[in-house]
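# Summary of structural features
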There are 2 protein chains.
Amino acid sequence: MSQPSVKTRVAFQGERGAFSEEAAVKLLGEEIQLVPRPTFESLFVAINEDAADYVLAPVENSLAGSVHRSYDLLLESSLHISAEVIIPIRHHLIACAGASFDEIKTVESHPVALAQCERFFAAHPQLQRIATEDTAGSVAKVVERGDPTRAAIAGIRAAKIYGGAVLRENLEDHAENYTRFVLLTSSTSVDSGADKLSLVMKLPHKSGALHRALQPFADRGIDLLKIESRPIKGRPWEYHFYLDLQASTNDEKVIKALAELGERAAEVRVLGCYQAGSR
Amino acid sequence: MSQPSVKTRVAFQGERGAFSEEAAVKLLGEEIQLVPRPTFESLFVAINEDAADYVLAPVENSLAGSVHRSYDLLLESSLHISAEVIIPIRHHLIACAGASFDEIKTVESHPVALAQCERFFAAHPQLQRIATEDTAGSVAKVVERGDPTRAAIAGIRAAKIYGGAVLRENLEDHAENYTRFVLLTSSTSVDSGADKLSLVMKLPHKSGALHRALQPFADRGIDLLKIESRPIKGRPWEYHFYLDLQASTNDEKVIKALAELGERAAEVRVLGCYQAGSR
């Protein structure tokens, strides 16, 4: 009896063919087991439920900004960031096989995808936009129904998986459209090539608290790549600050900076130390 | 011939009875002319189109976080913040006159309002949620149709304006639920009671740039109340930083801090200096 091959299971939010799936494959290759999860909530518990070994979550789009649901759920979980991957977002108009552009009446997709194709809709005012739960799922529905008046907006991977016909390519208003994802695991191990560090902190109610919190990094020439504040529920106008730093916990001066920060912040949690993705 | 009374015209996003309307009345009194605008885009051009003297825009909810659409449109406009107002958000279940709770099958409202009443929906699983464009507009529709199986979630003002029946009060999961609004005008004048300053800045690509930008304020004991980053379109992973400071441009040390910041940041724009709202 031969041993069944054990594939790494990677959970992502959305249906097969989603941009998240494209990101998972870019990061880990085609030889993984893809675990689609319908919601962000179900995505973040996939490891705990032993449905997946990894969770891949979107954290930022270069046009729309941070994905706050991911930040909030990451904070509630005890998962760690072990890698990052960035993919370009290319939106295509996809319909069932045999459909032609002139027949299309409705275009369905996730509201963010629809909003990123404003110029296309302005040029084709006859098309009615329909907001749906996700991009790839819209392609699945449009192909399944076989109605040649319906089209969806999604990535090329969705067209391939569901056998949809690409009627128009690259509908996005801005070519510089990228989404950044993080790979989450329950392990805290840090790769030797790690060069990026993410942390979340709560600050004391003192004048200059944020300036003081950034000082240990500024003093050592450690670059701050991103800062994000999220409200603390039940404590109006108080925030968690999320920091991305160009730093590795394999570096002694980073360890010292984190120790200094620990004395200045009310709470600090390192979310992960990993290799930065490239676009 | 008597002079017609000229009321101050205040534009807000949504329909009559919206939380924004409640905020406008809290800030300026009932003797204003309310100018409802269907979208954020149409709201921010209301002064330019001479449809309003002021624009009232939501900037933050204490649970959901910043209203990014407002930040992005404020940056694109040349408007200034002249005042701030904070209102508690209380969600009520509102139906047509004569309806009873046991008959209700569907509940419609803005997705954020629905999401803030999770506990209520968990306790009443028979109720189907329907996402709509806004809270008050949902009440208008429910009352107009007169269908006793339909209810909406909105503030008390919407129930009063459209003659809806309040079936359940205070559905919100968290009592500490507030929304913060800013009043925008084309004038740059600063009240003598101003104690809060909002600015937006772009930083140079240098290690420690944010730390250096906060230093002029930290050195003078000027408190940072909020920091928010928003992506710059077409420049992936570059950001505008929005700062709220406890400061007035009537104060010499604030002027000096701003001058110092001007030398450290690539761009600085003071969005307004005004009296902080209280909750």
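Model, not experiment: these values are computed from the prediction. (Residues numbered from 1 in each chain as written. Chains lettered and ligands numbered in written order. Predicted model: local features only at pLDDT ≥ 70, side-chain atom pairs only at ≥ 80, totals over all residues.)

Moving on to the relation of the copies chain A and chain B. Superposing chain A onto chain B takes a rotation of 180 degrees plus a shift of 0.0 Å along the axis, which leaves an RMSD of 0.0 Å. Taken together, the rotation and translation describe the operation of a two-fold axis. When the interface residues of chain A are mapped onto chain B, 100% of them again lie at the interface, so the same face is used by both copies. (Least-squares fit on C-alpha atoms with pLDDT ≥ 70 in both. Contact = placed C-beta atoms within 7 Å.)

A few words now on the interface of chain A and chain B. Contacts between the two partners involve 29 residues from chain A and, on the opposite side, 29 residues from chain B. Contributions of two or more residues to the side of chain A that touches chain B are made by helix 8 (209-219) and strand 13 (223-231) of chain A. Looking at the side of chain A that touches chain B, the element that brings in the most residues is strand 13 of chain A, giving eight residues. Per-class residue counts for the side of chain A that touches chain B are 11 nonpolar, 11 polar and seven charged. (Helix = DSSP H or I, 4+ residues; strand = E, 2+ residues; numbered from the N terminus. Nonpolar A, V, L, I, M, F, W, Y, C, P; charged D, E, K, R; others polar.)

Residue and element names in this part refer to chain B. Pairing within the open sheet is mixed, and its five strands lie in the order 8-7-9-6-10. Looking at the sheet topology across the chains shown, the edges are occupied by strand 8 (128-131) and strand 10 (165-168). The mean inter-strand angle of the sheet, taken between neighbouring strand axes irrespective of direction, is 35 degrees. Alignment of strand 6 (residues 92-95) against strand 9 (residues 150-154), held across four bridges, turns out to be antiparallel. The partner of Ile94 across the bridge, within strand 9, is Ala152. Across the sheet, helix 6 (residues 135-145) lies against strand 6, strand 7 (106-109) and strand 9, angled at about 155 degrees from strand 9, the strand it touches most. (Pairing = 2+ DSSP bridges. Axes fitted to C-alpha atoms, helices over the stretch in contact; angles between N-to-C directions.)

Bringing the pairing of strand 5 (residues 80-88) of chain A into the picture now. Look at any regular strand and the pattern is simple: side chains alternate between the two faces of the sheet. Residues and elements named next belong to chain A. Burial within strand 5 is extensive, with seven of its nine residues counted as buried. Note that strand 5 and strand 11 (residues 178-185) share eight bridges and pair antiparallel. In the strand pairing of strand 11, Val85 is matched with Phe181. (Buried ≥ 20, exposed ≤ 12 C-beta atoms within 10 Å, placed from the backbone.)

Here we take up the confidence of the model for chain A. Detailed reading of predicted coordinates is not advised where the pLDDT is low. Per-residue confidence for chain A gives a mean pLDDT of 93; residues scoring 70 or more make up 98%. Per the prediction output, this complex has pTM 0.86; the corresponding ipTM is 0.80. (pLDDT = per-residue confidence, 0-100.)

Right, let's talk about the domain arrangement of chain A for a bit. All names here are of chain A. Domain boundaries assigned for chain A yield domain 1 (9-88 + 177-185), domain 2 (92-168) and domain 3 (196-274). A straight line from the C-alpha centre of domain 1 to that of domain 2 covers 24 Å. Listed by partner, the interface residues are 11 residues for domain 1 and 14 residues for domain 2. Among the residues forming the side of domain 1 that touches domain 2, the class breakdown is four nonpolar, three polar and four charged. (Domains from an automatic or database assignment.)

This part takes up the packing of helix 8 (residues 209-219) of chain B against helix 9 (residues 252-264) of chain B. Residues and elements named next belong to chain B. Interaxial distance between helix 8 and helix 9 falls to 8 Å at its minimum, and their mutual angle equals 170 degrees. In terms of orientation, helix 8 and helix 9 fall into the roughly antiparallel class. Between helix 8 and helix 9, the residues in contact are Arg212, Ala213, Pro216 and Phe217 and Ala257, Glu260, Leu261 and Arg264, respectively. The class makeup of the residues in the contact of helix 8 with helix 9 is five nonpolar, no polar and three charged. (Parallel < 35°, antiparallel > 145°, perpendicular 65-115°, else oblique.)

Residues and elements named next belong to chain A. Relative to the helices and strands, Ser248 is located in the loop between strand 14 (239-246) and helix 9 (252-264). On the neighbour-count criterion, Ser248 (21 C-beta atoms within 10 Å) is buried. For the pair Ser248 and Glu118, spaced 130 residues apart in the sequence, the C-alpha separation amounts to 40 Å. Setting aside residues no more than four positions away along its own chain, Ser248 makes contact with Ala194, Asp195, Leu197, Val254 and Cys273.

A word on the environment of A:Ala276. With respect to the secondary-structure elements, A:Ala276 resides in the segment after strand 15 (267-274). Taking the C-alpha atoms as reference points, A:Ala276 and A:Ile86, 190 residues apart in sequence, are found 9.1 Å from one another.

This part covers helix 1 (residues 19-28) of chain A. Among the 10 residues in helix 1 of chain A, seven count as buried, and that is most of the element. For helix 1 of chain A, the complete set of buried residues consists of A:Phe19, A:Ser20, A:Glu21, A:Glu22, A:Ala23, A:Ala24 and A:Leu27.

Turning our attention to the sheet that holds strand 7 (residues 106-109) of chain A. The pairing of strands in a sheet comes from backbone hydrogen bonds and takes either a parallel or an antiparallel form. Residue and element names in this part refer to chain A. Read across the open sheet, the five strands follow the order 8-7-9-6-10; overall the sheet is mixed. Bordering the open sheet on either side are strand 8 (128-131) and strand 10 (165-168), each of which pairs with just one other strand. Across the sheet, the mean angle separating the axes of adjacent strands is 35 degrees when strand polarity is ignored. With three bridges joining them, strand 6 (residues 92-95) and strand 10 adopt antiparallel strand pairing. Bridge assignment links Ala95 to a residue of strand 10, and that residue is Ala165. Of the strands in this sheet, strand 6, strand 7 and strand 9 (150-154) touch helix 6 (residues 135-145), which is tilted by about 155 degrees from strand 9.

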